[in-house]
Amino acid sequence: MLNFIDTVGEAVAGIKDGSTVMIGGFGNAGQPFELIDALMDCGAKDLTVVNNNAGQGDQGLALLIKEGRVRKMICSFPRQSDSWHFDAKFHAGEIELELVPQGNLAERIRAAGAGIGGFFTPTGYGTTLAEGKETRLLDGKWQVFETPIHADVALIKALKADGKGNLVYRKTARNFGPIMAAAAKHTIVQVSEIVPTGSLDPENVVTPGIYVNSVVRVGGSRAEQVA
């Protein structure tokens, strides 16, 4: 069932402690700041968060980490100059990290949405990232078996939704949104605009409404930021 929600707080109210939450975004591009802020306010804790990064500065995902709401990060790029909150928590032993090469991260999320049981890849073979995983020699290359990443909830940002929940994105803000929408049991989307059904060019629809459960329109400040 598709629901159009009035506020971001209502949209995330059902997220429970211990949930696995996928959060779209590549750095700030496509990061659903308003939904993350609402997740902070709703009080959910012990979260496993799947994101490309591990937060930046003092907003969005970084704030969730700072406040101790995240038990585990699954990401490909946990450290950069302004990821100080994750860095502090990790070195204090207060947060777990599953490091996944970026291509593997995207493919593991995509595999979950596509119903694929796993895949072999040469990426990571011979490193600590392959420890404990099945390996095989395929086509003359040693490869590592990677499993899908499923989630209870996905929080993503799109530019527009129509009355059926079909989504279009703004340029690079698209990034992980489409595959996360397919990989989660419940997908919550913040958009800048909701348009009548039929007004979107079908050729431009990236995420079909079948993958969308809740849509909330947010104001034009941060919702129209970096892309």
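For every chain, the first residue of the written sequence is number 1, and numbering continues from 1 onward in sequence order. Confidence filtering applies because this is a predicted model: local features only for residues at pLDDT of at least 70, side-chain atom pairs given and counted only at 80 or more, and all residues used for totals across whole chains, interfaces and linings. The side-chain values count all of the structure's non-hydrogen atoms but skip hydrogen atoms and water molecules.

- The protein goes by 3-oxoadipate CoA-transferase alpha subunit in an unreviewed UniProt entry, where it is assigned to Paenarthrobacter nicotinovorans.

Remarks on empty space enclosed by the protein
Picture a little ball the size of a water molecule; that probe, rolled over the atoms, points out where space is still empty.
Item 1. Within this scheme a cavity is a closed region of a 1 Å grid, computed over the protein atoms alone, that accommodates a 1.4 Å probe without allowing it to escape, whereas a pocket is open but has protein on both sides within 12 Å along at least five of seven lines; lining residues each have an atom within 4 Å of a point. Grid points are joined across faces, edges and corners, and a volume is the space filled by probe spheres set on the points. Counting across every chain of the model gives two cavities of 30 Å³ or more.
Item 2. Along the walls of the second largest cavity sit G24, G27, Q31, N51, N53, G55, Q56 and L61, which together make up its complete lining.
Item 3. Polarity classes work like this: nonpolar for Ala, Val, Leu, Ile, Met, Phe, Trp, Tyr, Cys and Pro, charged for Asp, Glu, Lys and Arg, and polar for all others, with Gly in that last group. Counted by class, the lining of the second largest cavity contains one nonpolar, seven polar and no charged residues.

What to know about the nonpolar core
Item 1. Grouped together as the largest cluster of nonpolar side chains are 27 residues, with contacts concentrated most on I15, I23, L64, M73, L155 and I188.
Item 2. Numbering of helices and strands runs from the N terminus, with a helix taken as a DSSP run of H or I at least four residues long and a strand as a DSSP run of E at least two residues long. Within the residue set of this core, elements represented by two or more residues are α1 (8-12), β2 (20-23), α2 (33-42), β3 (47-50), α3 (61-66), β4 (70-75) and β9 (151-157).
Item 3. Among the elements that make up this core, the one with the highest residue count is α2 (five residues).
Item 4. Two residues qualify as a contact provided that any one of their heavy atoms is within 4.5 Å of a heavy atom in the partner residue. With sequence-adjacent residues up to four places away left out, I23 is seen in contact with P32, I36, V49, V50, N51, L61, L64, L155 and M180.
Item 5. Listed in part, the 24 residues of the second largest apolar core include A112, A158, A184 and V189. Residues belong to one nonpolar core when they are buried, are Ala, Val, Leu, Ile, Met, Phe, Trp, Tyr or Cys, and are joined through side-chain atoms within 4.5 Å. Only protein chains enter the calculation, and the probe is 1.4 Å; a residue is then buried if its accessible area is under 20% of its type maximum, exposed if over 50%, and partly exposed in between.

Here we look at the pattern of salt bridges
Item 1. Basic side-chain nitrogens of Lys or Arg form a salt bridge, by our definition, when they fall within 4 Å of a carboxyl oxygen of Asp or Glu. What the rule picks out here adds up to eleven salt bridges.
Item 2. In this structure, R71 engages E96 in a salt bridge whose closest nitrogen and oxygen atoms are separated by 3.0 Å. One end of the pair, R71, is in strand β4; the other, E96, is in strand β5 (residues 96-99), with 25 residues separating them in the sequence.
Item 3. Using a relative accessible area of 36% as the deciding quantity, one classes R71 as partly exposed.
Item 4. With relative accessibility at 39%, the residue E96 sits in the partly exposed group.

Description of the packing of aromatic side chains
Item 1. Between the rings of Phe, Tyr and Trp (Trp by its six-membered ring), a pair exists once the centres lie within 6.5 Å; its type follows the angle of the planes, with under 30 degrees stacked, over 60 edge-to-face, and the other angles tilted. On inspection of all chains with the given rule, the structure shows three aromatic pairs.
Item 2. Aromatic side chains F86 and F90 sit 5.6 Å apart centroid to centroid with 20° between the ring planes, which places their arrangement in the stacked category. A residue pair is termed a helical-turn pair when its members lie 3 or 4 positions apart in one helix, as F86 and F90 do in helix α4 (residues 84-91) at four residues.
Item 3. The partly exposed category is assigned to F90, whose relative accessible area is 36%.

Let's talk about the environment of V168
Item 1. By the secondary structure assignment, V168 is in strand β11 (residues 167-168).
Item 2. Here the alpha-carbon distance between V168 and S81, two residues 87 residues apart in the chain, equals 32 Å.
Item 3. Excluding residues that lie within four positions of it along the chain, V168 makes contacts with A158, L159, K160, L200, N204 and V205.

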